[in-house]
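Listed below, chain by chain, are the residues.
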Amino acid sequence: MRARANGWWCVLFLVNVRDLQRGAVATMSDNLPLRGIRVLDLTQVFAGPYCTYQLALLGAQVIKVEPPGGEMTRYGGALPELSKQGLGLSFCTQNAQKHCVELDLKDPQQLAKVLSLVAEADVFVQNFRPGVARRLGLGEDVLAEVNSRLVYCSISAYGDVGPIGHRPAYDHVVQAMSGIMCTTGTNAMGPVKVGAPYIDYATGLNAAFAVMAGLRQRDQSGEFQHVDVAMLDTAMTMMANNLVTVASTGDDLPKLGNEAASRAPSSGCFATQDGSLLMLAANNERQFQDLCAVLGHPEWTNDPRWANPMLRIANQEALRGLFEDEFLSKPATTWEALLDKAGVPASRVRTLSETLAEGQLQARGMLQSLPVGAEQTEVLLPGVGFRMNGQSLVPDSAPRRAGADSPHWQD
């Protein structure tokens, strides 16, 4: 591995690459659950490519079809030496372990090549705006004639039906549409977007789940399957409790800021001695008693104002004030260790780089280091979000340049 001054060692937050691969790892040479499944991937940006990336990590052969020059995420972003090669980090994140082919879908001959690939595929995934695939001659009705056992996955902002199904969108637009922005932040600051494109990535996971269901149904019935995945639907499932509450009562929920959803005074965010924030969740009776003991005030549990959870909420201002004063007496790291020993859920609020340095992701084998591009730049790429039979499933084939596999798949 090549360590460069001001290169990957700094960019990856001083994380030891060998440590990041310490957990048991399953590479693509192992017998994985989707071995023998071929996926034709006509998706771009995040949600669709992340779906097919999950399928690739589970052993599927994924053929990524891009327009001439490749998709937009290949260019720009951090590590300019990779962006110049069309291997930007935004592309690398969800496109390892794939064969990359360039085809112009507006060229009849090249479209015919896509159809020939469809005939030999198990899964077809597209995230065009609704209606575009049909106009290109790649609608589900056409592909069902080409391959009667195909699982056809459509990914879009709002789905194939409904009054706004025709609209295009990106993650932050769906965040606005879904209502999630109006549950974050405080009344003083107004609606706040979630910092990461979480709806994109959750939609990718949801789509991979849908494809797996489609494959199972296909194997049972032997028939063509169409799964329709919408970013808005996914966003709603990611806040299901909020959705059920508002849909059932008709009342919007208040902005809670850093307060816990339970609204218990013994949960939420507390300032500490060193200025760091501590996020705490002492929701049940045992946790409340243990918290009071850690704070050095077991007598609080005998106060009639706080005898049960409902009374604690009713009299939360006084109790919250006591907690706030006590937490200012020690740094967040000290409180975290004390509460851990007592079995009370708590964490100092960390940056992502601090989380990477903790050691937990390394033990889980969550990230895999691969050399990318002409200069073999080391990049850490994510595996699937679970372990299987004690192993982490990560890529062993780096993201490839646009059209790298065109000669093979166009023959």
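Scroll up a little and you will see the structure.
Parameters at a glance
- Residues numbered from 1 in each chain as written.
- Predicted model: local features only at pLDDT ≥ 70, side-chain atom pairs only at ≥ 80, totals over all residues.
- Heavy atoms only, no water.
- Helix = DSSP H or I, 4+ residues; strand = E, 2+ residues; numbered from the N terminus.
- Buried < 20%, exposed > 50% of the residue type's maximum accessible area, 1.4 Å probe, protein only.
- Contact = heavy atoms within 4.5 Å.
- Areas by Shrake-Rupley, 256 points an atom, 1.4 Å probe, with all protein chains shown as cover.
- Lys, Arg positive; Asp, Glu negative; His and termini not counted.
- Charge placed at Lys NZ, Arg CZ, Asp CG, Glu CD.
- Pairing = 2+ DSSP bridges.
- Axes fitted to C-alpha atoms, helices over the stretch in contact; angles between N-to-C directions.
- Parallel < 35°, antiparallel > 145°, perpendicular 65-115°, else oblique.
- Left-handed = near helix turned anticlockwise from the far one by under 90°.
- Nonpolar A, V, L, I, M, F, W, Y, C, P; charged D, E, K, R; others polar.

Q: Would you mind going over the overall build of the protein with me for this structure?
A: In terms of regular secondary structure, the protein is built from 19 helices and 14 strands. Its C-alpha atoms give the protein principal-axis dimensions of roughly 80 × 55 × 40 Å. Counting across all 411 residues of the protein, residues that qualify as buried make up 45%. In the protein, the proportion of contacts linking residues at least 24 apart, taken out of those at least 6 apart, comes to 69%. Carbon and sulfur atoms make up 54% of the accessible area of the protein, which totals about 19,600 Å². For the protein, the distance from the average site of its 34 positive side-chain charges to the average site of its 42 negative ones is 3 Å.

Q: Help me understand the pairing of strand E5 (residues 123-126), please; the structure alone is not making it clear to me.
A: Along a regular strand, successive side chains alternate from one face of the sheet to the other. Both faces of E5 are covered, namely the face carrying Val123 and Val125 and the face carrying Phe124 and Gln126. Bridge analysis of strand E2 (residues 38-42) against E5 gives 4 bridges, and the strand direction is parallel. Residue pairing in the sheet places Val39 in a bridge with Val123 of E5. Where E5 lies against strand E6 (residues 151-156), 4 bridges are found, and the strand directions are parallel. The residue of E6 that forms the bridge with Gln126 is Ser154.

Q: Even after reading the chapter, I still don't get the pairing of E6, so can you show me in this structure?
A: With 6 of its 6 residues buried, E6 lies for the most part within the structure. Of the strand pairs in this sheet, E6 and strand E7 (residues 225-230) are connected by 6 bridges, and their pairing is parallel. Residue pairing in the sheet places Ser156 in a bridge with Ala230 of E7.

Q: When you look at the packing of helix H13 (residues 285-294) against helix H16 (residues 332-342) in this model, what are you seeing that I'm missing?
A: Geometry of a packed helix pair, given as the angle between the helix axes and the separation of the axes. Closest axis-to-axis distance for the H13/H16 pair is 10 Å, and the angle between their directions is 135°. Between H13 and H16, the interaxial angle falls into the category oblique. For the element pair H13 and H16, the recorded crossing hand is right-handed. In this structure, H13 contributes Arg286, Asp290, Leu291 and Val294 to the contact, and H16 contributes Trp335, Leu338, Leu339 and Ala342. Partitioning the contact of H13 with H16 into residue classes produces 6 nonpolar, no polar and 2 charged.

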